[in-house]
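The lines below spell out each chain.
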Amino acid sequence: MRKLLKVVAWITSVSFVGVSCWLGREVPFEKQWPLFEALRTTASIIFAVVGAWIAIVYPERLKLSFVDEKASGEGSQTGLSRLFSPVVHSTAILCIILVIGVVAPLIKIFPFALEYKDLLRGLSYGALVALTLWQLWTIVLTLVPADVIKTMTDREDERKRLLEGYSKQSSKE
């Protein structure tokens, strides 16, 4: 089922990017750029928040939370890599957007670019949609560590309650 969802997600994403390339030919770059800036801001926020999370919390709390009890080898994903993954993705997205921001104005000065203006607009809009989908996935990845922490904290709380219950029960006897 999980593989099927992955395949459907990829097909949908690729289709969405393809349609965006086609329809995006009519969207001037000046209207696209604010969307790139918003995406850059989102990627920066994810980068900063998850980076701070790693720097502040990981050494004390998350290290215990992310011990994979079922892991049996070096190939398993550790807690740090789970947290670091959104940072890497957001960094890549930021780099691509920064390059687009520098290259796009330069392309406009070349005469050949005017001949292919519609094509370039479509490619730009397709890139925008692809980066946006990638950033959405990165946001989802930031929820995974939080869920793991909550699950581990809930388990610890349940253990404490059980131990307290046993302690109270044995003290009554």
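Our structure is the block above this text.
Residues numbered from 1 in each chain as written. Predicted model: local features only at pLDDT ≥ 70, side-chain atom pairs only at ≥ 80, totals over all residues. Heavy atoms only, no water.

**Focus on the overall build of the chain**
Part 1 of the argument: Summing up its helical and strand segments, the chain has six helices and zero strands in all.
Part 2 of the argument: Shown N-terminal to C-terminal, the secondary structure of the chain runs as helices and strands in the order α-α-α-α-α-α.
Part 3 of the argument: With 173 residues in all, the chain has 25% of them scored as buried.
Part 4 of the argument: Contacts in the chain between residues at least 24 apart in sequence constitute 88% of all its contacts with a sequence separation of at least 6.
Part 5 of the argument: Carbon and sulfur atoms make up 69% of the accessible area of the chain, which totals about 12,100 Å². (Helix = DSSP H or I, 4+ residues; strand = E, 2+ residues; numbered from the N terminus. Buried < 20%, exposed > 50% of the residue type's maximum accessible area, 1.4 Å probe, protein only. Contact = heavy atoms within 4.5 Å. Areas by Shrake-Rupley, 256 points an atom, 1.4 Å probe, with all protein chains shown as cover.)

**What to know about the packing of aromatic side chains**
Part 1 of the argument: Under the counting rule described, the total for this entry stands at four aromatic pairs.
Part 2 of the argument: Note on Phe29 and Phe36: the rings are 6.1 Å apart at their centroids and 35° apart in plane angle, and the pair reads as tilted.
Part 3 of the argument: Taking the relative accessible area as the measure of exposure, Phe29 reaches 15% and is therefore buried.
Part 4 of the argument: A network of ring pairs unites the aromatic residues Phe29, Trp33 and Phe36 as a single cluster.
Part 5 of the argument: The residue whose ring lies beneath Arg25 is Trp22, and the NZ or CZ to ring-centre distance is 3.7 Å. (Phe/Tyr/Trp six-rings, centres within 6.5 Å; stacked < 30°, edge-to-face > 60°. Lys NZ or Arg CZ within 6 Å of the ring centre and 35° of its normal.)

**Comments concerning helix α2 (residues 29-56)**
Part 1 of the argument: Helix length check: α2, at 28 residues, gives a terminal C-alpha distance of 40 Å against a target of 40 Å (1.5 Å per residue), a fit within 8%.
Part 2 of the argument: All of the buried residues along α2 are Phe29, Gln32, Trp33, Phe36, Leu39, Ala43, Ile46, Val50, Trp53 and Ile54. (Expected span 1.5 Å × (residues − 1).)

**Some thoughts on the pattern of salt bridges**
Part 1 of the argument: The tally for this structure, following the rule as stated, stands at two salt bridges.
Part 2 of the argument: Measuring nitrogen to oxygen at the nearest pair gives 2.6 Å for the salt bridge that ties Lys108 to Glu30. One end of the pair, Lys108, is in the loop between α4 (79-107) and α5 (111-115); the other, Glu30, is in helix α2, with 78 residues separating them in the sequence.
Part 3 of the argument: Judged by its relative accessible area of 53%, Glu30 is exposed. (Salt bridge = Lys/Arg side-chain N within 4 Å of Asp/Glu carboxyl O.)

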